[in-house]
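Structural features, examined
Each chain, written out:
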Amino acid sequence: MSYDKLIFEISKKGRIGHDLNIRSNNFKNISKNLLRETSLNLPEVTEPDVVRHYTNLSMKNFGVDTGFYPLGSCTMKYNPKINEVAANMPLFTEMHPLTPSYASQGSLEIMYETGKLLGEITGMDYFSFAPFAGAHGELVGLMIIKKYHHLKKDFKRTKIIVPDSAHGTNPASASVAGFETVEVKSNKDGTVDINSLKELLSDEIAGIMLTNPNTLGIFEKDILKISELIHDAGGLLYYDGANLNALLGKGKPGLMGFDIVHLNVHKTFSTPHGGGGPGAGPVGVVEHLKELLPSPVVIKRDKYEFYNPKHSIGRVGKFYGNFGVVVKTNAYIKTLGKQALENVGNYAVLNTNYIKESLRDYYLLVVDEVNMHEVVFDGLKDKSTGIKTLDVAKRLLDYGVHPPTIYFPLIVNEAMMIEPVETESKETLDNFINVMKLIAKEAKENPELLKNAPYNTKVRRLDEVLAARKPILKYKDLFKE
Ligand SMILES: *Cc1c(COP(=O)(O)O)cnc(C)c1O
């Protein structure tokens with residue numbers, strides 16, 4: 001295995017970055033039995049060594065700040081740095097989570113106001129910021145659905161309907177919440193098949209989980225019909241908000257008949273995604289479900305205060321969720337303002353359709369309709385080359401582009417899910433389109449080249465199964481065998 005020198009390998013005994021002579025003195029008042037006896041196994045290196053170590057590590061990563069990142073469903077938009085400035089203000093970062101509400105009115109106001117802003121955007125009446133991610137929001141939403149039925153002494157409703165095109169977290173969350181998942185079939189465009197849905201309806205149905213636009217990037221035109229059918233059957237509608245970017249300022253899940261939504265602030269509301277930072281999955285509900293929200297929520301009487309909803313599903317995390325992320329969401333919405341927020345959806349949709357039209361002769365379109373925020377191709381159009389979506393994805397790395405999401409949704413064999421988002425320039429989109437065309441040409445002329453890509457990355461093609469099953473997480477493990 002090849003790797004650059006690790007910080008532990010360049011360690012030399014006694015080497016330090018700086019010494020302010022505080023090391024021994026500070027600990028003289030601590031009783032001996034509380035002090036550790038063996039020293040920590042830390043690398044001993046100079047300050048420039050540390051700086052170079054972390055800077056080099058950061059350069060091995062691919063991020064939104066280094067290149068185009070059309071990872072479908074993940075909405076990898078540029079995160080304005082001013083949001084970080086807001087979230088890093090000492091007034092927020094130095095606030096102790098146990099500070100009483102009379103002394104933390106400013107922070108409470110931000111939570112309250114952000115809930116109102118998200119309410120206006122989604123058509124929900126109340127929000128909780130307790131969940132830490134989208135999937136966590138799903139679990140919270142499902143616990144609310146369960147409690148709603150139980151409060152009505154209706155214990156028969158044990159099934160949740162999930163489309164076969166759904167994100168894997170949907171059935172997983174349903175299962176963790178103690179529901180049985182029943183799958184509803186999708187039409188060719190990924191929308192819900194109404195006849196298949198009707199067959200599933202019974203007094204055992206607790207609700208349905210949907211994302212709109214769906215995972216093929218197509219708007220669910222029958223949503224009002226679906227919501228009528230589910231409500232008539234006694235169930236609730238849960239909105240997976242991962243695709244909200246397409247609808248920002250244009251459509252509200254509340255008007256479509258949804259009762260509960262989660263939002264992924266690390267997708268739609270410009271918080272760095274994945275390893276880049278903590279996220280949040282705020283959950284919003286319509287008026288009649290507000291007393292079931294996880295506690296605490298912020299309300300406004302004379303002052304802002306915490307409130308424990310009467311039939312709350314309880315606490316789902318420590319304190320109030322990832323507060324810094326709420327600040328970023330607030331700053332993002334307010335710096336954009338109403339008109340620019342509406343343009344998020346406009347440009348996300350425009351950029352997607354531009355890519356779709358430019359690539360339709362080279363890659364196989366799954367649905368030939370006007371798309372919303374993302375487009376899914378079923379691999380190369382010319383299937384004679386034997387080149388898979390995985391090969392195309394790996395070759396994209398050589399051209400400095402992050403691959404799109406691949407092999408999701410599961411209903412498309414060679415799925416390539418492209419979401420360009422609204423923050424990219426036409427030049428960036430054109431470069432991506434040209435690279436995709438070039439790869440289609442390479443697939444024909446030199447397929448072996450693609451099968452062994454990437455060539456220009458720090459590591460070559462990885463054994464992804466082995467990497468998932470036997471990850472090497474400690475530097476020492478590198479030296480085994
Ligand atoms: C990302 C995503 C989720 C899960 O959200 P996390 O914040 O990653 O837990 C759920 N559904 C869809 C469609 C998604 O894209």
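In what follows, the accompanying structure is described. (Residues numbered from 1 in each chain as written. Predicted model: local features only at pLDDT ≥ 70, side-chain atom pairs only at ≥ 80, totals over all residues. Heavy atoms only, no water.)

Remarks on the site of the ligand
Stated precisely, the cut-off is as follows: Nearness is judged by heavy atoms alone; a residue qualifies as near a molecule or strand once a single heavy atom is within 4 Å of it. Throughout this description, a polar contact denotes any pair of N or O atoms lying within 3.5 Å of each other; where both atoms belong to protein, one of them has to be capable of donating a hydrogen while the other can accept it, and for residues adjacent in sequence the pair is counted only when both atoms sit in side chains. Shrake-Rupley sampling with a 1.4 Å probe provides the accessible areas, and residues are treated as covered by the protein chains on show and by no other component. Helix numbers and strand numbers start at the N terminus; a helix is a DSSP run of H or I with at least 4 residues, a strand a run of E with at least 2. Here the nonpolar group is Ala, Val, Leu, Ile, Met, Phe, Trp, Tyr, Cys and Pro; Asp, Glu, Lys and Arg are the charged ones; every other residue, Gly included, is treated as polar.
In the region of the ligand, the neighbouring residues are Ser73, Ala133, Gly134, Ala135, Glu138, His167, Thr169, Asp240, Ala242, Asn264, His266 and Lys267. Taking Asp240, its side chain carries an N or O atom lying 2.5 Å from a nitrogen atom of the ligand. Bound to the protein, the ligand loses 89% of the 380 Å² it would expose on its own. With three residues, the top contributor of residues to the shell around the ligand is helix 5 (residues 134-151). Broken down by class, the residue content of the shell around the ligand amounts to three nonpolar, six polar and three charged.

Focus: the environment of Gly123
With respect to the helices, strands and loops of the structure, Gly123 is situated in the loop between helix 4 (105-122) and strand 1 (126-128). With 135 residues separating them along the chain, Gly123 and Phe258 place their C-alpha atoms 9.0 Å apart.

Quick look at the packing of aromatic side chains
Convention followed: Each Phe, Tyr or Trp ring (for Trp, its six-membered ring) is paired with any other whose centre lies within 6.5 Å, and the angle between the two planes then decides the class: stacked below 30 degrees, edge-to-face above 60, tilted in between. Buried residues are those whose accessible area, probed at 1.4 Å on protein chains only, stays under 20% of the maximum for their type, while exposed residues exceed 50% and partly exposed ones sit between those limits.
What the rule picks out here adds up to nine aromatic pairs. Pairing Tyr239 with Phe258 gives two aromatic rings, centres 4.9 Å apart and planes at 65°, and the pair type is edge-to-face. Taken together, the residues Tyr239 in strand 5 (residues 236-240) and Phe258 in the loop between strand 5 and strand 6 (260-262) connect sequence positions 19 residues apart. Judged by relative accessible area, Tyr239 falls into the buried class, the value being 0%. Relative accessible area serves as the criterion here: at 1%, Phe258 is assigned to the buried category.

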